[in-house]
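# Architecture at a glance
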Amino acid sequence: MLVTGPRVWWGAVVVLAALVVVALGVLYGGAGGPGAVDARVGAAVDGAGSVWRDVALATDFLGEPGGAAVLVVAAAVGALVVRWPRAAVFVVAGPGLSVVATKLLKPVVGRTIHDGHLSYPSGHTAFLTAFALAVALVVTGRLRLGGAAGPALVLATATAAGAAMGWAQVALGAHYPTDAVGGWCTALAVTPATAWMVDRAADRRAGRMSDAPQPERR
C-alpha cells in the first residue's frame, strides 16, 4: 500500500486542505493585488540579496517543466529499480494531477498578478509539495513505518518542500504568499487521493491476475 498510517487521518488532511483551497479561492477570487497577510509576508521576504535570489531561482527551476521532468523521471526509475511499479505510477500521477488541479482552479478563481497573469493557486508550489509527498509516502511505505511516525515524516517533508518553493515564488515576485498556501493545500488534497486510486487500481489488477486460470503443468 502507498498510503501509510490511518486512512481516517489522511482523509481528514485531504478534507481540511481542500477546504482551505476553497476558502482562499473565495476570499481572493477576482483580486488583482495582495491581501493584508500577503503584504506583510511579502515585505518580510522582499529585499533578499543576490545569493538568496540565486537560491530562489534554483528552487523555482524545480517547478519548471525541465526541472520537474528530471525529478519525476528519477523517482519513477528508482521505483522501477526496486520493483514497485505502482510507486512509479504514483510519483508521476500525484504531482501531475496536482498541477492539473491548479491549472483548472486558476481561471475559476481569477486572481491575478503582474499584468493579469492568473496566480491562485501556485502550480510550482503544488508540484514540489506533491512530489515530496509522493516520494515520502513511497519511502515510508517501503520502510513500513507504522504508527504516527510515517504520516508525521511524510507531512513534514511535504511542508518543507512547499515552504521552500513558496518562499522562492514570493521572493521572485511570481506569486502572493496566499497563492503558495493554496498550492501547498492543493497538493495535500490531491496527492493522498491519487495514492488511494493507484492502490485500488493495482489491487484490482492483482486480483484479476490471481483469479485467471493458470496453465496446466505437464
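Everything discussed here concerns the structure shown above.
Residues numbered from 1 in each chain as written. Predicted model: local features only at pLDDT ≥ 70, side-chain atom pairs only at ≥ 80, totals over all residues. Heavy atoms only, no water.

## Focus: the overall build of the chain
- A count of helical and extended segments in the chain gives 8 helices and 2 strands.
- When the helices and strands of the chain are read in sequence order from the N terminus, they spell out α-α-α-α-α-β-β-α-α-α.
- Expressed along its principal axes, the backbone C-alpha trace of the chain runs to roughly 75 × 35 × 30 Å.
- Within the chain, buried positions represent 43% of all 218 residues. (Helix = DSSP H or I, 4+ residues; strand = E, 2+ residues; numbered from the N terminus. Buried < 20%, exposed > 50% of the residue type's maximum accessible area, 1.4 Å probe, protein only.)

## Overview of helix α3 (residues 50-61)
- Taking 1.5 Å per residue, 12 residues should reach 16 Å; α3 reaches 16 Å between its end C-alpha atoms and fits that length.
- All buried positions along α3 are accounted for by A56, T59 and D60. Each buried residue of α3 sits inside an arc of 100° when the element is viewed along its axis, so together they form one side. Among the exposed residues of α3, those pointing more than 90 degrees away from its buried face are S50 and V51.
- Packing partners of the buried residues in α3 comprise α6 (123-143) and α7 (149-171). (Expected span 1.5 Å × (residues − 1). Arc of directions from axis to C-beta. Contact = heavy atoms within 4.5 Å.)

## Structural notes on the pattern of salt bridges
- All chains considered together, the criterion is met by 4 salt bridges.
- Close ionic contact of R86 with D199 constitutes a salt bridge, the shortest N to O distance being 2.7 Å. Highlighted residues: R86 in helix α5 (residues 85-109) and D199 in helix α8 (residues 177-211), separated in sequence by 113 residues.
- Given the relative accessible area of 17%, R86 is considered buried.
- A salt bridge links R111 to D179, with the shortest nitrogen-to-oxygen separation between them at 3.0 Å. A residue pair is termed long-range when its members are at least 10 positions apart, and R111 in the loop between α5 and β1 (112-113) and D179 in helix α8 qualify at 68 residues.
- Beyond isolated ion pairs, a larger network of salt bridges with shared partners links D38, R111 and D179. (Salt bridge = Lys/Arg side-chain N within 4 Å of Asp/Glu carboxyl O.)

## A closer look at unusual backbone geometry
- Along the chain, Y120 connects to P121 via a cis peptide bond; the corresponding omega equals -5°.
- Tracing the backbone shows P121 in the loop between β2 (117-118) and α6.
- At D115, a residue that is not glycine, the phi angle is positive and equals roughly 65°.
- If you trace the backbone, D115 turns up in the loop between β1 and β2.

## A look at the packing of aromatic side chains
- Taken as a whole and judged by the stated rule, the model has 3 aromatic pairs.
- Centroid distance W9 to W10: 4.9 Å. Interplanar angle 85°. Geometry classified as edge-to-face.
- Residue class for W10 comes out buried when judged on its relative accessible area of 0%.
- Taking 6.1 Å as the distance between ring centres and 20° as the angle between the ring planes, the aromatic pair formed by F127 and F131 counts as stacked. Within this pair, F127 and its partner F131 are both found in helix α6, separated by 4 residues, close to a single helical turn.
- Above the face of the Y28 ring, R111 is positioned so that its terminal group lies 4.1 Å from the ring centre. (Phe/Tyr/Trp six-rings, centres within 6.5 Å; stacked < 30°, edge-to-face > 60°. Lys NZ or Arg CZ within 6 Å of the ring centre and 35° of its normal.)

Take it as geometry only, folks, not as evidence of what the structure does.
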